[in-house]
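# Inside the fold
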Amino acid sequence: MTPLGMLADKELLMIKLGKPLGLLAELTHRCPLGCPYCSNPVALESRAGELDAATWARVFREAASLGVLQVHLSGGEPAARRDLVDITAAAHDAGLYTNLITSAIGMTSGRLRQLVDVGLDHVQISIQDSEAFSSDLIAGYEGAYERKRALSSEVVQLKVPLTVNAVIHRANIDHIEDFVALALELGAGRVEIAHVQYYGWALRNRAKLMPTREQVERALHAVERMRKRYRGRIVIDAVTPDYFARFPKACVGGWGRRSLNVTPSGKVLPCHAAETIPWLEFWSVRDRPLADIWESSPAFSAFRGTGWMREPCASCPRREVDFGGCRCQAFAITGDAAQADPVCQLSPHHMLVERLAAIREEAAFDYRH
Ligand code: SF4
Ligand code: FES
């Protein structure tokens, strides 16, 4: 069962009370890989500005008091933090379900065991393709694939639930069946077929990553086949990629509704890409308690609920289903974050998405650096 599955009743209650459920703790932007679709901002935060372990411990206690149930320890690569064991122990001691999101690079067997000893509950490992050569090429790191396989096996041996995360784009979308087979072979209980979202580094590489409509259709059929074939053996999470959907996703479950992100330096964001909207004002955990930030910070208030919406969202029956879609995508494509997500077929800007989805460029990736 998934962490959120186990917590479903409490989750519904917390949403009703207007409390967040999940916290993404970006412990560092440092990472040995160079994935061209990285969700970190193009202007990475420096090591010198990172929060220390004691501050993270306070943030976790405040998050738990606020109602947060689970924390995702992420990056960059969280293993780049020498104090990762202390940070994980603090999250566990605060009563949070702890999920480590790792590329596997820099995570030794010994440290994994220490993390499990202090209470790590779940591990998510990203894999760039279903075979070594292509996987290492996309990651920009030779030998990464073998290390990911080895760490997966160590996680399973320690009886910690494992999710394999596969970020999908034109170069690997035809390998979805192989990804699922690989995840099963590695002993994962879940595989996320996560199509690239075009912000930050991925926006730079959009035309190099964009699949064709035919590829997307084949991929959706492949997921359905795999779900039938492996029912009861592995959970397959997948949604239609944004640029090929008719309606947008409820990004982050609705802005300021279910989750918050804390950046390496302590800024609190409603979603991982919120800093791409240049006029938003973010508050920091260095200056204010998390509860104040959640309730009153200008960035969280900007698009919470439905009051900010214009037509066609304002009178749309789906406005509390998808909350107008993704604010960062609306900004990236239309230049106005308060527009309906142009992925929506009802948006007056929808033709921009169709145009962008048709642009493809065969050239080397612009790797994250
Ligand atoms: Fe969602 Fe707005 Fe489109 Fe309605 S008009 S489906 S609320 S994005
Ligand atoms: Fe920011 Fe969707 S990524 S709202």
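Look above for the structure.
This structure is a prediction, so every number in the text was calculated from the model and none was measured. (Residues numbered from 1 in each chain as written. Chains lettered and ligands numbered in written order. Predicted model: local features only at pLDDT ≥ 70, side-chain atom pairs only at ≥ 80, totals over all residues. Heavy atoms only, no water.)

## Looking at the site of ligand 1
Around ligand 1 lies a shell formed by Phe 247, Pro 248, Pro 312, Cys 313, Cys 316, Arg 318, Arg 319, Asp 322, Gly 324, Cys 344 and Leu 346. Along the lines of polarity and charge, the residues of the shell around ligand 1 split into seven nonpolar, one polar and three charged. (Near = heavy atom within 4 Å. Nonpolar A, V, L, I, M, F, W, Y, C, P; charged D, E, K, R; others polar.)

## Brief notes about the pairing of strand β4 (residues 122-126)
Across the five residues that make up β4, a large majority, five, are buried. Note that strand β3 (residues 97-102) and β4 share four bridges and pair parallel. Across the sheet, residue Thr 102 finds its bridge partner in β4, namely Ile 125. Running through helix α5 (residues 109-117), the crossover from β3 to the neighbouring parallel element β4 is right-handed. (Buried < 20%, exposed > 50% of the residue type's maximum accessible area, 1.4 Å probe, protein only. Helix = DSSP H or I, 4+ residues; strand = E, 2+ residues; numbered from the N terminus. Pairing = 2+ DSSP bridges. Right-handed = clockwise from strand over helix to strand, strands pointing away.)

## Considering the packing of helix α4 (residues 84-93) against α5
Two elements in contact, α4 and α5, have axes separated by 9 Å at closest approach and are oriented at 20°. With respect to each other, α4 and α5 are oriented roughly parallel. In this structure, α4 crosses over α5, and the sense of that crossing is right-handed. Contacts from Leu 84, Val 85 and Thr 88 in α4 reach Arg 111, Gln 114 and Leu 115 in α5. Tallied by class, residues from the contact of α4 with α5 come to three nonpolar, two polar and one charged. (Axes fitted to C-alpha atoms, helices over the stretch in contact; angles between N-to-C directions. Parallel < 35°, antiparallel > 145°, perpendicular 65-115°, else oblique. Left-handed = near helix turned anticlockwise from the far one by under 90°. Contact = heavy atoms within 4.5 Å.)

## Quick notes on the nonpolar core
Within the largest apolar cluster, 87 residues are counted, with the highest numbers of intra-cluster contacts made by Leu 23, Trp 56, Phe 60, Ile 234, Tyr 243 and Leu 290. Residues contacting Leu 23, with those up to four places away along its chain left out, are Val 59, Phe 60, Ala 63, Val 68, Gln 70, Val 71, His 72, Leu 260, Val 262 and Leu 290. Among the nonpolar cores identified, the runner-up in size contains 20 residues, and Tyr 199, Trp 255, Ala 274 and Ile 277 belong to it. (Core = buried A, V, L, I, M, F, W, Y, C linked by side-chain atoms within 4.5 Å.)

## Focus on the sheet that holds β4
The sheet built from nine strands is open, its strands ordered β7-β6-β5-β4-β3-β2-β1-β8-β9 with mixed pairing. Among the strands making up the open sheet, the edge pair consists of β7 (235-238) and β9 (268-269). In terms of strand pairing, strand β2 (residues 70-74) meets β3 through four bridges, oriented parallel. Looking at the pairing, Val 71 lines up with Thr 98 of β3. Against the sheet, helix α7 (residues 144-157) touches β3, β4 and β5 (162-168), its axis set at about 165° to β4.

## Looking at the packing of aromatic side chains
Applying the stated criterion across every chain yields a total of seven aromatic pairs. An angle of 65° between the planes, with centres 5.9 Å apart, marks the rings of Trp 279 and Phe 303 as edge-to-face. Highlighted residues: Trp 279 in the loop between β9 and α12 (290-296) and Phe 303 in the loop between α13 (298-302) and α14 (327-334), separated in sequence by 24 residues. Of the residues examined, Phe 303 reaches a relative accessible area of 4% and is grouped as buried. Taking the centre distance of 5.2 Å and the plane angle of 80° together, the rings of Phe 303 and Trp 308 count as edge-to-face. Each member of the pair, Phe 303 together with Trp 308, is buried. A network of ring pairs unites the aromatic residues Trp 255, Trp 279, Phe 303 and Trp 308 as a single cluster. It is Arg 304 that lies over the ring of Trp 294; its NZ or CZ is 4.7 Å from the centre. Across from the ring centre of Phe 247, 4.4 Å away, lies the NZ or CZ of Arg 318, which sits over that ring. (Phe/Tyr/Trp six-rings, centres within 6.5 Å; stacked < 30°, edge-to-face > 60°. Lys NZ or Arg CZ within 6 Å of the ring centre and 35° of its normal.)

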